[in-house]
Amino acid sequence: MQEKALVIEDLCKTYRSSKNGDVKAVDHVSFDIDKGEVFALIGPNGAGKTTTIRMVATLLKPTSGNILVDGIPVAEKAEKVREVITYLPDEAGAYKSMTGIGYLQFMASLFTADKEKAKEYVDAACSINKLGDRLKDKIGSYSRGMIRKLLLSRAVMTRPALAILDEPTSGLDIINALDIRRMIRSLAKEGMSFLVSSHNMLEIEYVSDKVGIINKGKLLAVGKAQELKQRCGAENLEEVFEKVVSGDEVF
Amino acid sequence: MKFFSLFKKEVREMLTFQTILSLVFGVLLFIVLGSVMKGVQEDASNQMLEGMGKLAISDQDQSALSQQVLQQMRDQGYQIELLEGSDDEILRAAQEKGYQSALVIPEGFEQGIEKGGEPQKIRLLNEIKGGGMTSLMSGAEGSVEAINDTLSAILIEEGGYEDAAFVRNPVVADEFTYVGDKSVNVSASVLSGLIMMQGIFIPIIVFILVMFASQMTVSAIANEKADKTLETLLCAPVSRFSVLGAKMLAAALVALLQAVVFMFGFRFYMGGMTAGAMEGASGIGTALNTLGLTLGPADYLLVGLQMFLTIMIALCLSTMLGAMANDVKSAQTAVMPIMLLIMVPYFFTLFLDVNTLSGVGKYLLYAIPFTHTFTAANNVMFGNYTVFLGGLAYQAVFFAVLMFLTVKLFNSDKLFTMQLNFGKKKKVAAE
Ligand SMILES: Nc1ncnc2c1ncn2[C@@H]1O[C@H](COP(=O)(O)OP(=O)(O)OP(=O)(O)O)[C@@H](O)[C@H]1O
Ligand SMILES: [Mg+2]
C-alpha cells in the first residue's frame with residue numbers, strides 16, 4: 001500500500017491577538033497529497049496559505065486537527081518530521097556573506113553528518129540550479145531569481161519525502177518562473193512530493209497535479225485543475241475561484 | 001558535527017566589518033571614559049583639600065611645641081578633635097566621629113624638631129573600605145600639609161635655624177593604610193590606585209563582553225528572522241538547543257576576542273596613568289598581599305564563573321528580544337534596555353561602593369543581575385564573600401530561569417505569532 005506524503009485532517013489555527021481579537025486563519029481544512037504529486041494551495045492574500053504551510057513545516061502548532069507527513073504525526077514527532085521535509089519560506093533570503101556553494105554545503109551538513117552524502121546533496125543542488133560559476137560568488141551579489149533558484153535547489157537536494165514551497169515563483173520574471181516550474185515538474189516525475197502555494201492561479205495550472213482553493217481560512221474546493229474547471233464550466237482557475245468564492249458552486 | 005557547522009557559520013556571520021567598526025568605537029569610548037575618570041579623581045581630591053578644616057589628631061607628644069601648633073591651627077579656623085589610644089583605637093574613634101583619617105603626633109616630636117636636620121614623621125592613618133572611586137579618595141595628605149605649614153611658620157618666626165629646607169618642610173607623613181584589621185605602611189592613594197586598576201579592569205572586560213555579545217546576538221537573530229533563514233534552520237533536522245547554543249557560543253567567543261583586542265588598547269592607555277605610582281613605590285605588591293587585596297587563583301575562578309553567568313544572562317535576554325523583534329531596526333532598539341541594565345550598575349559601581357548605599361537604592365541595584373558582576377572583584381578582594389556568593393546564586397537562578405524561557409520560546413510557536421514592534425505602531429496587514 002502506498003503511504004500518502006501528507007494527510008491533513010480538520011486543521012484549524014487561530015491567532016490570538018489582544019488588539020484585533022482572534023483571527024481564525026485556518027478553519028477546518030482537510031486534504032492529502034499522494035507520493036509524487038504536486039499539490040498547490042491557491043488563494044488571495046491573507047487566505048491562510050502560509051499559516052497552513054507553517055503548520056506542516058512544524059513551525060506553528062495547530063489549534064486543532066491532525067497532520068501526518070509520510071505517516072509521521074507532526075504533533076508528536078516534530079523532530080522526525082523535520083528529517084523528511086524541507087521548507088522554502090516565501091521571500092526567503094540566504095546568508096549574504098556566504099557563497100552559493102558555501103550555503104549549500106552548510107545546509108547539507110545540517111541534514112547529514114556523512115561527508116560523502118553531503119557532497120552528493122551539494123552536487124545534486126548544483127546540477128538543478130544551473131548557477132555554474134556564480135556559485136562561487138557571495139550570495140549578496142545574487143539577483144532575486146538566482147537566490148530563489150539556489151534556495152529551491154537546496155530545498156530539493158536532500159530528496160525529501162515532502163518539499164514545502166511557499167510561493168516558489170513570487171517576484172520572478174516569466175523566464176525564471178518557467179524554469180522553476182519545470183524544475184518542480186521534473187522532480188515530481190522522479191517521485192518527489194510537493195506542497196506549494198501561490199496566489200497566481202493561472203500559472204499554477206501548469207505545475208500542479210491537484211489544487212486546493214482556500215479563502216478566509218476555509219478550503220473551498222479540492223481537485224485536479226481540469227476537473228474543477230469542468231465542474232464549474234470555467235475557462236481557467238481564476239473563474240473557478242470567482243465562482244467558488246461567491247458561493248455559486250459547492251464541492 | 002552539525003553543531004560545529006552551525007557554530008562555524010555563526011562565527012563567520014558575526015565577524016563582519018560592522019563588528020570591527022563597533023570595536024573601534026568602543027575603544028574610543030573608553031579612551032574618553034578614561035580621561036573623564038582622571039578628571040573625577042582630580043576633582044574629588046581637590047574637593048577634599050578645600051573642604052578641609054576638620055582634623056582628628058592624637059597628640060602623643062604633649063609638648064609645648066605640639067600644643068602650640070594645634071592652638072595655632074584652631075586659631076586659623078581648624079576644628080580639631082583630640083583622640084587617645086593605640087593607632088587602631090584612634091582610627092576607629094575618628095571614623096565614628098565622621099573623619100576619614102586620623103593623625104598621630106608621636107612622642108619625641110618636639111625633641112626631633114629642635115634637633116633639626118631630618119623632617120619629623122607624623123603618622124597618617126587611613127582605611128580603604130571598598131573599591132568604589134569615592135571610597136578610595138582621601139584628602140588626608142592635605143591635613144599633614146596643614147600641620148607642616150603651621151609648624152614651618154612657627155619655626156620661621158622663632159628664627160635661628162640654618163637649614164632652610166628643613167624649616168620649610170619640618171614634617172612628613174608616615175602613612176599607614178588599614179584594610180579590615182590589617183595595616184601596611186604604604187600610602188592610601190598609591191594603594192587605591194592599584195586597587196582601582198584591579199577592580200576596574202574586570203568590570204571593563206565584562207562591560208565590553210556583554211555589550212558586544214548582546215548587540216551581535218540581537219542583530220544575528222533579527223537578521224535571520226527578517227531573511228527567513230531562521231525558519232529554514234528551525235525546520236532542518238537539528239535541535240533547537242544547538243541552534244541557540246551555537247549562536248550564543250559564537251557571540252561569546254567573538255566578544256571575547258574583541259575584549260582581548262580592546263584590553264591591549266586599554267592597558268596601553270592606563271599604563272601612562274599609573275606608571276608613576278607603580279615605579280614610585282617598591283614593595284607595593286607585597287603590601288597588597290599583606291592586606292589580602294590581590295586575587296588568588298581561586299578568586300579568579302569565582303570571578304570568572306560570575307562573568308560567564310553574566311554573559312549567558314545577557315545572551316539569553318538578547319536572544320529573546322531578537323527573536324521577538326519584527327525587524328533588525330526594532331531589534332537594535334530592543335537591545336537598549338539591556339544596555340541600560342549594564343550601564344547603570346557599571347557607572348554606579350565605578351563611582352560608589354554599593355555595599356555602603358542605603359536601603360531601597362541598594363536593593364534596586366542588587367536586583368539588576370549585572371550589578372553583582374561589577375562588584376564581584378571588589379567583594380572578593382575585600383573578603384565580602386557572603387555578598388559575592390549571594391550575587392552568584394542570584395545570577396545562577398536568574399540565568400536558569402532565562403534559559404528555560406528562551407528554550408521554551410524557541411520550542412513554542414510564539415516566535416512566529418508574537419511580534420513586538422519596538423517603538424513603531426503596528427502596521428495593519430494590507431497589500
Ligand atoms: N503572526 C500572526 N499574528 C496574527 N495574525 C496573523 C499572523 N500571521 C498571519 N496572520 C493572519 O492570518 C491570516 C492568514 O495569513 P497567511 O499569512 O496564512 O495568509 P497567506 O494566504 O499566506 O497570504 P499571502 O498570499 O499574503 O502570503 C491573515 O488574516 C493574517 O493577517
Ligand atoms: Mg503567505
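The present account deals with the structure reproduced in this document. (Residues numbered from 1 in each chain as written. Chains lettered and ligands numbered in written order. Predicted model: local features only at pLDDT ≥ 70, side-chain atom pairs only at ≥ 80, totals over all residues. Heavy atoms only, no water.)

**Side note on the packing of aromatic side chains**
In total, this model carries seven aromatic pairs over all chains according to the counting rule given. Summarising the aromatic geometry, the rings of Tyr346(B) and Phe347(B) are spaced 5.2 Å apart at their centres and angled 70° between planes, so their arrangement reads as edge-to-face. Overall, Tyr346(B) belongs to the buried group, its relative accessible area being 1%. On the accessibility criterion, Phe347(B) (30% relative accessible area) is partly exposed. Connected via pairs of aromatic rings, a cluster forms that spans Tyr95(A), Tyr103(A) and Phe106(A). (Phe/Tyr/Trp six-rings, centres within 6.5 Å; stacked < 30°, edge-to-face > 60°. Buried < 20%, exposed > 50% of the residue type's maximum accessible area, 1.4 Å probe, protein only.)

**Details of the sheet that holds strand S9 (residues 210–215) of chain A**
All names here are of chain A. A sheet is described by the order of its strands in space; here six strands give the open sequence S6-S7-S8-S3-S9-S10, paired in mixed fashion. Every other strand in the sheet has two partners, leaving strand S6 (85–88) and strand S10 (218–223) as the edge strands with one partner each. Across the sheet, the mean angle separating the axes of adjacent strands is 15° when strand polarity is ignored. Note: S9 against S10, five bridges, orientation antiparallel. Counted as the bridge partner of isoleucine 213 is alanine 221 from S10. Contacts between helix H8 (residues 225–232) and the sheet are confined to S9 and S10, with S10 contributing the most and set at about 105° to the helix. (Pairing = 2+ DSSP bridges. Helix = DSSP H or I, 4+ residues; strand = E, 2+ residues; numbered from the N terminus. Axes fitted to C-alpha atoms, helices over the stretch in contact; angles between N-to-C directions. Contact = heavy atoms within 4.5 Å.)

**A look at the environment of Asn126(B)**
In this fold, Asn126(B) is placed in strand S4 (residues 120–127). Residue class for Asn126(B) comes out buried when judged on its relative accessible area of 2%.

**Quick word on the pattern of salt bridges**
Residues and elements named next belong to chain A. What the rule picks out here adds up to 26 salt bridges over all chains. Between glutamate 37 and lysine 210 there is a salt bridge, and its shortest N-O distance comes to 3.8 Å. Remark: lysine 210 occurs in strand S9 and glutamate 37 occurs in the loop between strand S2 (23–33) and strand S3 (38–42); sequence separation between them is 173 residues. Ionic pairing is found between arginine 134 and aspartate 137, a salt bridge with its closest N-O pair at 2.6 Å. When its relative accessible area of 33% is taken as the criterion, arginine 134 is described as partly exposed. Connected via shared salt-bridge partners are Lys4, Asp32, Asp34, Glu37 and Lys210. (Salt bridge = Lys/Arg side-chain N within 4 Å of Asp/Glu carboxyl O.)

**Re helix H4 (residues 87–96) of chain B**
All names here are of chain B. Within H4, the full set of buried residues consists of Asp87, Ile90, Leu91 and Ala94. Each buried residue of H4 sits inside an arc of 95° when the element is viewed along its axis, so together they form one side. Check the buried side of H4 and you find it contacts strand S1 (54–59), strand S3 (101–105), S4 and strand S5 (171–179). Following H4 by one or two positions, glycine 98 adopts a phi angle in the positive range, close to 95°. (Arc of directions from axis to C-beta.)

**Details of the site of ligand 1**
The local shell around ligand 1 holds 14 residues, among which Asn45(A), Gly46(A), Lys49(A), Thr50(A) and Thr51(A) are the closest. Near ligand 1, the surrounding residues belong to chains A and B. At 3.1 Å from an oxygen atom of ligand 1 is found a main-chain nitrogen or oxygen belonging to Ala47(A). Protein contact buries 74% of the 640 Å² of open area that ligand 1 shows by itself. Counting only elements with at least two residues in the shell around ligand 1, the list comes to helix H1 (49–56) of chain A together with helix H19 (414–417) of chain B. At three residues, H1(A) tops the list of elements feeding residues into the shell around ligand 1. Among the residues forming the shell around ligand 1, the class breakdown is five nonpolar, seven polar and two charged. (Near = heavy atom within 4 Å. Polar contact = N/O pair within 3.5 Å; in protein donor to acceptor, adjacent residues only side chain to side chain. Areas by Shrake-Rupley, 256 points an atom, 1.4 Å probe, with all protein chains shown as cover. Nonpolar A, V, L, I, M, F, W, Y, C, P; charged D, E, K, R; others polar.)

**Structural notes on the side chain of Lys149(A)**
All names here are of chain A. As for its placement among the helices and strands, lysine 149 is situated in helix H5 (residues 144–157). A distance of 3.0 Å separates polar atoms of two side chains, one belonging to lysine 149 and the other to asparagine 176. Once you skip the residues sitting within four places of it in the chain, lysine 149 turns out to touch Asn129, Asn176, Asp179 and Ile180.

**Thoughts on the interface of chain A and chain B**
Interfaces are frequently sized by the accessible area removed from exposure as the parts join. Of the residues lining the interface, 31 residues belong to chain A; the matching set on chain B comes to 26 residues. Where chain A abuts chain B, roughly 2700 Å² becomes buried across the two surfaces, and 57% of that area is made up of carbon and sulfur atoms. For the pair chain A and chain B, the number of links is four salt bridges. In this assembly, chain A and chain B are joined by 14 residue pairs in polar contact (both at pLDDT 80 or more). For the side of chain A that touches chain B, the element with the most residues is helix H3 (residues 100–111) of chain A, which contributes six residues. (Buried area = accessible area lost by both parts, 1.4 Å probe.)

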